[in-house]
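As a plain string of letters, each chain reads:
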Number of protein chains: 4
Amino acid sequence: MHPAPHPIVPLYPQDTDQDHMADQLASTSRLEAFSDGVIAVIITIMVLELKVPHENGVAGFRSILPTLAIYFISFSFTAIYWLNHHHLVHRIEQTDQRILYANLAFLFCLSLLPFFTSYVLEKESDAFSVALYAASMVITGFSFLLLRLAIEHRLRIATALEPLDTAIQRKHLLSLAFYGLAIPLAYFHPSLALADIALVTLIWIVPAGGTKPCDEDSR
Amino acid sequence: MHPAPHPIVPLYPQDTDQDHMADQLASTSRLEAFSDGVIAVIITIMVLELKVPHENGVAGFRSILPTLAIYFISFSFTAIYWLNHHHLVHRIEQTDQRILYANLAFLFCLSLLPFFTSYVLEKESDAFSVALYAASMVITGFSFLLLRLAIEHRLRIATALEPLDTAIQRKHLLSLAFYGLAIPLAYFHPSLALADIALVTLIWIVPAGGTKPCDEDSR
Amino acid sequence: MHPAPHPIVPLYPQDTDQDHMADQLASTSRLEAFSDGVIAVIITIMVLELKVPHENGVAGFRSILPTLAIYFISFSFTAIYWLNHHHLVHRIEQTDQRILYANLAFLFCLSLLPFFTSYVLEKESDAFSVALYAASMVITGFSFLLLRLAIEHRLRIATALEPLDTAIQRKHLLSLAFYGLAIPLAYFHPSLALADIALVTLIWIVPAGGTKPCDEDSR
Amino acid sequence: MHPAPHPIVPLYPQDTDQDHMADQLASTSRLEAFSDGVIAVIITIMVLELKVPHENGVAGFRSILPTLAIYFISFSFTAIYWLNHHHLVHRIEQTDQRILYANLAFLFCLSLLPFFTSYVLEKESDAFSVALYAASMVITGFSFLLLRLAIEHRLRIATALEPLDTAIQRKHLLSLAFYGLAIPLAYFHPSLALADIALVTLIWIVPAGGTKPCDEDSR
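Keep in mind that this is a model prediction, so the values were computed, not measured.

Peer 1: It is not clear to me how helix H5 (residues 113–122) of chain C should be interpreted in this structure. Could you clarify?
Peer 2: Think of an α-helix as turning once every 3.6 residues; residues three or four places apart then point the same way. Residue and element names in this part refer to chain C. Counting buried positions along H5 gives nine out of ten residues, so the element sits mostly inside the fold. Those residues of H5 that fall on the buried side of the exposure criterion are Leu-113, Pro-114, Phe-115, Phe-116, Thr-117, Ser-118, Tyr-119, Val-120 and Leu-121. Looking at the residues trailing H5, positive phi occurs at Glu-124, about 50°.

Here it is as structure tokens:
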């Protein structure tokens, strides 16, 4: 049980002994389990913000279509980050303190999304609320990049593991640019800003230039 | 770490090396864990829609019995899909991007169920709200079939695994027909449409023609 | 690992091949993960029923103490059933359809607890609401016994596993008697009925007659 | 299957036989999974307490900044306890009844945090509500120390495992002192009390005196 000469003291030095696998499963699995739990609650409680219209029949349903569209945008945003989180955390075998704190910061930013979603809904997508919504996405995106940096740092220490792909990094920066663009756009035309945010989903789903999105990170 | 000559690039090519099992467990387990989390929240937050009646005593409780019946229908619907999801995902050892996206689309559709449940409750089961409720079930059912297709595609690649049983497939199509039938039925008689939806639960619980439901998929 | 001549077709016949352990882990783990998720949401969303008093200062807080007491009773009830569920499911290595359906029935009954808790809170513990609360606990208790029966059936098939202890069974029946007693008691004196329900927690925590509660089941 | 001569009867005596590892994973993993689920819901439903301001534009957003600050304090508090729970439970390989009950008591205390957070928000951080908020943190902190004691007891029995570090213990006591101090401070100046509570986050994030916080426990 000797402290390794790492710049960061590994959290679970006992995994040098025989029950190596069990420890690793435990360490990564709990970070994943907690994050999955938080993201699952975030993605689902947003549906509580959807309000049944007063009007009856088709007219009532038609009146809530914009609301459903915004719910769809928020759901997609959270789903994309869950996918990226899944691929990123899958790369490491052990967490360290830096990763744990970066992960909590990311979850904090993401946890505000249901609030900013209901902000947009209650203010009926006025310029300021849409700008706020886009800003919260920019901040969440930045916090994810911090988590990525923390994991890259870990991968550099454990040299046996392959580095992260830069293609995904470019995709993240492009997404941030789109979210950032939505802030001024909201003052010009709120619906255009929402369309711009929704467009980012396509960046992640449609393979760009023959490359398979999300795949690169785990290749 | 050479790209395999598959039609789909496997997400976790490193599972060709020695820590094969750990990787597989991780990949399937996180898809399952996240889905379980989302479905657990969906099935449980619907209880928040149940409102305590203003009236006291037995009369008050009797007035909310229709509400409890609709909660029961929504709970059963979600439970049946959890069971089917459980059996389906259990069949594969690895996820791929197609499966991940199909799964997210399925979770999105299912996440709207609490909203459409409260729609029916607030509109007191009028024709349009019941038709909407049935339509949301049809869409969720279709999204599950997409997930099933994505998993069948995966199973075809990994030829060592057994194909999905077609008996379950017939059961799914029968369920969809019943949910679809409930849409026009809602305009004829809403309660009849709800009874028709509730009937689908029996298709899944009662073994039809000597076969064991749900079992076939994993046989 | 020969296919046993079972009356029930095993859900995962492929565990006759080499990756036996992985399959078992998967099967039990998903039942547990989903149940844990649902119970975790049930136990936590009850806190949303707690309303901040209008009155300021100590007087306001004192006015919500009965509310907190009922929250504590509901939390304890759920916690006891989680503990028992934990010990029970731990005994089996594989689930079957009977267990899966019994488990869903149990989760359905338990999921109504937050509703009946808010019923008691809004009706300020009047006789009918307390009787309803106790009745929902009786039904949940019965559904747990059904789950226990399904698991006992499984254990009888897999003869290598030890049968369930009858001491726990007696404790369950005693709890049911107490919950049942609370129904008529509620009409006599609601607070007495609540005290009777709270008393059941002690049956599970305090070791009765030198035996260790909950332990027996897994011995 | 002989009962071991321990002062506490081990919950899973069958882990003396060959499927030792699977049993251990099951036992610790379900305690962790349930705790993760409960903590994930606690940390996330607090966002439902955030209310969209009536006022439009920047002024409206500025008016909710104190609310966001309190949400941040509650999130940090829960996150710190999740981290500590993670490190603590990671140390043991098996749970026993003492640990299970201590864990449930801890989760009960923590589950009240969303309620006391909304208490502070609705009373607009008046002296009494802030004192109550701090008091709930003190009680949660004490319940965590009970869990720590239960785990220390387990570690003493399983002598092969290393004892818990006292540096973390000091940090816990220091945190409790800060939370305790906030109670009288709330009557002097509520904002000062909130700042004092927020300060505790720094104790856990910033390494004190060259030691790595949280790491010691698992070294």
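Peer 1: Could you clarify how one ought to interpret the confidence of the model for chain A in this entry?
Peer 2: Detailed reading of predicted coordinates is not advised where the pLDDT is low. Residue and element names in this part refer to chain A. Per-chain confidence: chain A averages 79 in pLDDT, with 79% of residues scoring 70 or above. Mean pLDDT per element in chain A: helix H9 (residues 215–218) is the minimum at 38, and helix H5 (residues 113–122) is the maximum at 93. Under a pLDDT of 50 for its full length, residues 1–26 has, in the predicted model, 44 contacts with residues more than four places off or in other chains. Segment residues 208–219 is flagged for pLDDT under 50; beyond a separation of four residues in sequence, or across chains, it makes 34 contacts in the model. What the predictor reports for the complex is a pTM of 0.83 with an ipTM of 0.80.

Peer 1: What is the right way to look at the environment of Leu199(B) in this model?
Peer 2: Structurally, Leu199(B) can be placed in helix H8 (residues 190–205). A sequence separation of 24 residues divides Leu199(B) from Ser175(B), and the C-alpha atoms of the two residues are 9.3 Å apart.

Peer 1: What am I meant to see in the relation of the copies chain B and chain C here?
Peer 2: Each of the two copies of the chain can be brought onto the other by a rotation about an axis and a shift along it. Once chain B is rotated about the relating axis by 90° and shifted along it by 0.0 Å, it coincides with chain C to within an RMSD of 0.0 Å. Taken together, the rotation and translation relating the two chain copies correspond to the operation of a four-fold axis. Residue Gly37(B) of chain B places its C-alpha closer to the rotation axis than any other residue of that unit, at 4.1 Å. The overlap is low: 5% of the interface residues of chain B also sit at the interface in chain C, so different surfaces are used on the two sides.

Peer 1: Mind showing me how you'd approach the packing of H5(C) against helix H6 (residues 127–157) of chain C here?
Peer 2: Helix-helix packing is characterised by the crossing angle of the two axes and by the distance between the axes. All names here are of chain C. Direction vectors running N to C along H5 and H6 enclose 160°, while the axes themselves pass 8 Å from each other. If you check the angle between H5 and H6, you find them roughly antiparallel. Of the two elements, H5 crosses H6, and the hand of that crossing is left-handed. Residues Leu-113, Phe-116, Thr-117, Tyr-119 and Val-120 of H5 lie in contact with H6, whose contacting residues are Phe-128, Ser-129, Val-130, Leu-132, Tyr-133, Ser-136 and Met-137. Here the contact of H5 with H6 is built from residues that sort into nine nonpolar, three polar and no charged.

Peer 1: Sorry if this is basic, but what is going on with the interface of chain B and chain C here?
Peer 2: Taken together, the contact between chain B and chain C spans 44 residues of the former and 39 residues of the latter. Roughly 3700 Å² of surface becomes buried between chain B and chain C when both sides are summed, with 70% attributable to carbon and sulfur atoms. Considering only the side of chain B, the residues that lose the most area to chain C are Val52(B), Trp82(B) and His90(B), jointly responsible for 17% of the buried surface there. Between Arg30(C) and Asp36(B) there is a salt bridge; the shortest N-O distance is 2.7 Å. On inspection of chain B and its partner chain C, the count reaches eight residue pairs in polar contact (both at pLDDT 80 or more). Going through the elements one at a time, helix H1 (20–45), helix H2 (57–63), helix H3 (65–90), H8 and helix H9 (215–218) of chain B are the ones with two or more residues in the side of chain B that touches chain C. Broken down by element, the residue count for the side of chain B that touches chain C peaks at twelve residues, all from H3(B). The class makeup of the residues in the side of chain B that touches chain C is 24 nonpolar, eleven polar and nine charged.

Peer 1: Would you explain the environment of Ser29(A) in this entry?
Peer 2: Turning to its location among the elements, Ser29(A) is positioned in helix H1 (residues 20–45). Between the C-alpha atom of Ser29(A) and that of Gln94(A), which follows or precedes it by 65 residues, the distance is 9.5 Å.

Peer 1: Could you clarify how one ought to interpret the packing of aromatic side chains in this entry?
Peer 2: How two aromatic rings sit relative to each other is set out by the distance from centre to centre and by the angle between their planes. Scanning the model with the defined rule gives 60 aromatic pairs over all chains in all. Aromatic side chains Phe108(A) and Tyr71(D) sit 5.6 Å apart centroid to centroid with 25° between the ring planes, which places their arrangement in the stacked category. A residue pair is termed interchain when its members come from two chains, as with Phe108(A) in helix H4 (residues 97–111) and Tyr71(D) in helix H3 (residues 65–90). Residues Phe108(A) and Tyr71(D) agree in their burial class; the two are buried.

Peer 1: Explain the nonpolar core here, please?
Peer 2: In summary, soluble globular proteins display a tendency toward joint burial of nonpolar side chains. Grouped together as the largest cluster of nonpolar side chains are 289 residues, with contacts concentrated most on Tyr133(A), Tyr133(B), Tyr133(C) and Tyr133(D). Excluding its chain neighbours within four sequence positions, the residues that come into contact with Tyr133(A) are Ile70(A), Ile73(A), Ser74(A), Leu113(A), Phe116(A), Thr117(A), Val120(A), Leu194(A) and Ile197(A).

Peer 1: Would you mind showing me how to read the pattern of salt bridges here?
Peer 2: Here the idea is simple: oppositely charged side chains can pair when their charged atoms come close. All names here are of chain A. Taken as a whole and judged by the stated rule, the model has eight salt bridges over all chains. Residue Arg-154 pairs with Asp-96 through a salt bridge whose shortest N-O separation is 3.2 Å. Of this pair, Arg-154 sits in helix H6 (residues 127–157) while Asp-96 sits in the loop between helix H3 (65–90) and H4; the two residues are 58 residues apart in sequence, bridging distant segments of the chain.

About the criteria used
- Residues numbered from 1 in each chain as written.
- Chains lettered and ligands numbered in written order.
- Predicted model: local features only at pLDDT ≥ 70, side-chain atom pairs only at ≥ 80, totals over all residues.
- Heavy atoms only, no water.
- Buried < 20%, exposed > 50% of the residue type's maximum accessible area, 1.4 Å probe, protein only.
- Helix = DSSP H or I, 4+ residues; strand = E, 2+ residues; numbered from the N terminus.
- pLDDT = per-residue confidence, 0-100.
- Contact = heavy atoms within 4.5 Å.
- Least-squares fit on C-alpha atoms with pLDDT ≥ 70 in both.
- Axes fitted to C-alpha atoms, helices over the stretch in contact; angles between N-to-C directions.
- Parallel < 35°, antiparallel > 145°, perpendicular 65-115°, else oblique.
- Left-handed = near helix turned anticlockwise from the far one by under 90°.
- Nonpolar A, V, L, I, M, F, W, Y, C, P; charged D, E, K, R; others polar.
- Buried area = accessible area lost by both parts, 1.4 Å probe.
- Salt bridge = Lys/Arg side-chain N within 4 Å of Asp/Glu carboxyl O.
- Polar contact = N/O pair within 3.5 Å; in protein donor to acceptor, adjacent residues only side chain to side chain.
- Phe/Tyr/Trp six-rings, centres within 6.5 Å; stacked < 30°, edge-to-face > 60°.
- Core = buried A, V, L, I, M, F, W, Y, C linked by side-chain atoms within 4.5 Å.

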